[in-house]
Number of protein chains: 2
Amino acid sequence: MRFGLFQTAQWPEGTDQHEQYHNAIEQSVLADELGYDAVWMTEHHFTRHSITSDSLALLSHLAARTERIRLGTAVSVLPFHDPVRLAESTALVDHLSEGRLDVGIGRGYQWSEYHGFGLRLDEGSDRFEEVLDVLLRSWQANEPFAHDGKYFRYDAAFPQPRPLQQPHPPLWYATGSDAGLRRCAENGWGVMLPQATPPSTVADTIQRFGTQLQAVGIPSTAGRTVLARGMYCAPTDDEAVDTYVPAYRDTLQLAAQVSAPPTPVDGGAPRNPFQVDDPSALRDGIVCGNPDSCAAALQTLADAGADYVIFFVNLGGMQHDAVMQSLRLFADEVMPRFAS
Amino acid sequence: MRFGLFQTAQWPEGTDQHEQYHNAIEQSVLADELGYDAVWMTEHHFTRHSITSDSLALLSHLAARTERIRLGTAVSVLPFHDPVRLAESTALVDHLSEGRLDVGIGRGYQWSEYHGFGLRLDEGSDRFEEVLDVLLRSWQANEPFAHDGKYFRYDAAFPQPRPLQQPHPPLWYATGSDAGLRRCAENGWGVMLPQATPPSTVADTIQRFGTQLQAVGIPSTAGRTVLARGMYCAPTDDEAVDTYVPAYRDTLQLAAQVSAPPTPVDGGAPRNPFQVDDPSALRDGIVCGNPDSCAAALQTLADAGADYVIFFVNLGGMQHDAVMQSLRLFADEVMPRFAS
């Protein structure tokens, strides 16, 4: 099983932005030292939910601060990007990281972000498709190309550099629908599984993905999914739950707040990935407890077919030292039980 | 006198992009160690002239690799940027560099870049103004703002983070016109002086800037200009000229090639900053020779009023080792003569 951070920098009332970045970076550097496999960085705009507005600049910085860990975007919100510039930035960070970049892609789900950028949620899918099309073309262009689309026009773009990883950095698509899973299977993309879902949903999604893969002659989902989970590991279950669950609940609430349109008029709102239909099931969606409890939660996910789990550790209300201790304890006591 | 690098990564035929970035970064790290004051990174797109397509990602990386050197964009080509995203990225790199960021701004001059992005050179000024307006507003916003302009629309943008340097990182405007100089004086911006000009032009521009500054009650240009120059320092004049001048001439030729529209129809082409009206005067525009010759060239610039010179050292045809040796020799033998 592989483990990584689903890293972010939140900005709760009363906290300092500079310190939030510092903490997120120190946690990521520690993860590199402790043997975690990856840091995936969120992209968010305009609210306290997260101030990771240029995830590639953060990963470029981490490329210099880390030795071996892979670096992912989780996700690059394609409707908010100029695709040629995104192709340039991702390829450049691929070089600066010596080919350690993974590119997660999605539509975004926060109404406040769309609104801030002057966009409508219901044009997100169209924008996503055009940006992805030009992004893929940009990465692989052997000569200048023209594009005259609904949202973007280029007369002779020839984005440089070419990615170090050829033909492009691994793509991971945030999806759980049959259509999305089929698309991943057919294109060789990984799947970023829906967050905050119970293990039964994880199992169902991975199984459906496996069916789509088999249809294109790929026998297994191994190495092709990544699952994000809240995680906190402490000496006792009580300490873990008392420390982490309130911060996690606050994050869910803030995410819901920034995601919801004030009225349903512009429709088409994607599902908030933090939406927990049954709040009493909140603990089913996280890995939280003493090392044995964390291992048990992970075993349940492993049994569901998950082989790559990334952890949401840096919630706004958490103390930096507590996050660092949790990362160490998990690496010492839990990770070895899942060595592959 | 302050000294820095005017750094880039060119991509001549037969060279490797990955190695070009590696060299540019190693040279920048060395400059930090040797006591240079800054690294200013170009932004270019689509051609071999330079592959520094995301200068802020490069500077974010350098922020982690360097300790004290300031980090500048030279320039951020405003017409190619979404101003809210640029505000976010610059502010984020300002945090990651502990407040070491300088932001150079300009319109760009390469027709091939405008054309690639599907823009017209003659809309560059309009775009520049709108992007600058929103950039300044974004950096200083205390609440979400709306903007409905000619090129950009936001309904409620609230770019985060706020810059670490308040109210925003120092701005440096690439200009030499009276109107541009007056604007810098009135707004407290620095001036990025025109490149590849003879010392007499440098003196004239700085003098005109001084007049504009006096008009707003500022007695001196000290600390308010930066001048870019080709530089190469070797044990002998012959070695320096033989090594550097051919590479410099090639760069001028390539810059001219990518800058020129195929026909003059869309007009409004800004002056190519590398344009040398009299090729025999090429050496007047560079700092190239043995340490004594370099010092003499710098003294001429100092007499012209320049107190901050940044060096274009990493030309495509140059060997990395030669650049490193030149940086060391200059730091050892020339820099101490201009210690302030």
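These numbers come from a predicted model, not from an experiment.

Visitor: Just to check I follow, could you spell out helix H10 (residues 320-334) of chain A for this structure?
Guide: Over its 15 residues, H10(A) extends 20 Å from the first C-alpha to the last, a length consistent with the 21 Å expected when each residue adds 1.5 Å. For H10(A), the elements touching its buried residues are helix H1 (17-34), strand S9 (225-233) and helix H9 (291-303) of chain A.

Visitor: Just checking my understanding: could you explain the nonpolar core for this structure?
Guide: Soluble, globular proteins show a tendency: their nonpolar side chains are buried together. Among the nonpolar cores identified, the biggest contains 198 residues, and Met231(B) and Phe311(B) are the most heavily contacted of them. Beyond its immediate chain neighbours, meaning those up to four positions away, Phe311(B) contacts Phe3(B), Leu5(B), Phe6(B), Arg229(B), Met231(B) and Val287(B).

Visitor: Help me out: how do you make sense of the pairing of strand S6 (residues 153-157) of chain A in this one?
Guide: Each regular strand displays side chains that alternate between the two surfaces of the sheet. All names here are of chain A. Relative to S6, strand S5 (residues 145-148) runs antiparallel, the two being bridged by three bridges. The partner of Asp-148 across the bridge, within S6, is Arg-153. Connecting S5 to the next strand, S6, in antiparallel fashion are four residues.

Visitor: For this particular structure, what's the right way to read the interface of chain A and chain B?
Guide: In many analyses, interface size is given as the accessible surface area lost on bringing the parts together. Listed as interface residues are 38 residues of chain A and, on the opposing side, 38 residues of chain B. Counting residues per element, the ones that place at least two in the side of chain A that touches chain B are H1, helix H2 (55-65), helix H3 (83-96), helix H4 (111-116) and S6 of chain A. For the side of chain A that touches chain B, the element with the highest residue contribution is H2(A), accounting for seven residues. Taken together, the residues of the side of chain A that touches chain B sort by class into 20 nonpolar, 11 polar and seven charged.

Visitor: How do you make sense of the confidence of the model for chain A when you look at a structure like this?
Guide: Low-pLDDT portions of the prediction should not be read for the details of their coordinates. Of all residues in chain A, 94% attain a pLDDT of 70 or more, and the chain-wide mean is 94. Scoring of the predicted complex yields 0.96 for pTM and 0.96 for ipTM.

Visitor: Would you mind showing me how to read the packing of helix H9 (residues 291-303) of chain B against helix H10 (residues 320-334) of chain B here?
Guide: The axes of two packed helices give the description: the angle between them and the distance between them. Residues and elements named next belong to chain B. Viewed as axis vectors pointing N to C, H9 and H10 meet at an angle of 75°, and their least axial separation amounts to 10 Å. Here H9 is positioned roughly perpendicular relative to H10, judged by the angle of their axes. In this structure, H9 uses Pro-291, Cys-294 and Ala-295 to contact H10, whose residues at the interface are Leu-329, Phe-330, Glu-333 and Val-334. Here the residues of the contact of H9 with H10 sort into six nonpolar, no polar and one charged.

Visitor: Explanation requested: the relation of the copies chain A and chain B in the structure shown.
Guide: Superposition of the two copies of the chain requires a rotation about an axis together with a shift along that axis. Rotating chain A by 180° and moving it 0.0 Å along the rotation axis overlays it on chain B with an RMSD of 0.0 Å. When the rotation and shift are considered jointly, the pair of chain copies conforms to a two-fold rotation axis. When the interface residues of chain A are mapped onto chain B, 100% of them again fall at the interface, so both copies present the same face.

Visitor: Would you explain helix H2 (residues 55-65) of chain B in this entry?
Guide: Residues that lie three or four places apart on an α-helix share one face, since the helix turns once every 3.6 residues. Extensive coverage of H2(B) is indicated by the burial of nine of its 11 residues. Among all positions in H2(B), only Ser55(B), Leu56(B), Ala57(B), Leu58(B), Leu59(B), Ser60(B), His61(B), Leu62(B) and Ala63(B) are buried. The inward-facing, buried residues of H2(B) abut H2 and H3 of chain A together with helix H1 (17-34), strand S2 (38-41), strand S3 (70-77) and helix H3 (83-96) of chain B.

Visitor: Sorry, what's going on with the environment of Asp237(A) here?
Guide: Residue and element names in this part refer to chain A. Within the element layout of this structure, Asp-237 appears in helix H8 (residues 237-259). In this structure Asp-237 comes out as partly exposed when scored by C-beta crowding, with 14 C-beta atoms within 10 Å. Excluding residues within four positions of it along the chain, Asp-237 makes contact with Gly-289, Asn-290 and Ser-293.

Thresholds, definitions, all that
Residues numbered from 1 in each chain as written. Chains lettered and ligands numbered in written order. Predicted model: local features only at pLDDT ≥ 70, side-chain atom pairs only at ≥ 80, totals over all residues. Helix = DSSP H or I, 4+ residues; strand = E, 2+ residues; numbered from the N terminus. Expected span 1.5 Å × (residues − 1). Contact = placed C-beta atoms within 7 Å. Core = buried A, V, L, I, M, F, W, Y, C linked by C-beta atoms within 7 Å. Buried ≥ 20, exposed ≤ 12 C-beta atoms within 10 Å, placed from the backbone. Pairing = 2+ DSSP bridges. Nonpolar A, V, L, I, M, F, W, Y, C, P; charged D, E, K, R; others polar. pLDDT = per-residue confidence, 0-100. Axes fitted to C-alpha atoms, helices over the stretch in contact; angles between N-to-C directions. Parallel < 35°, antiparallel > 145°, perpendicular 65-115°, else oblique. Least-squares fit on C-alpha atoms with pLDDT ≥ 70 in both.

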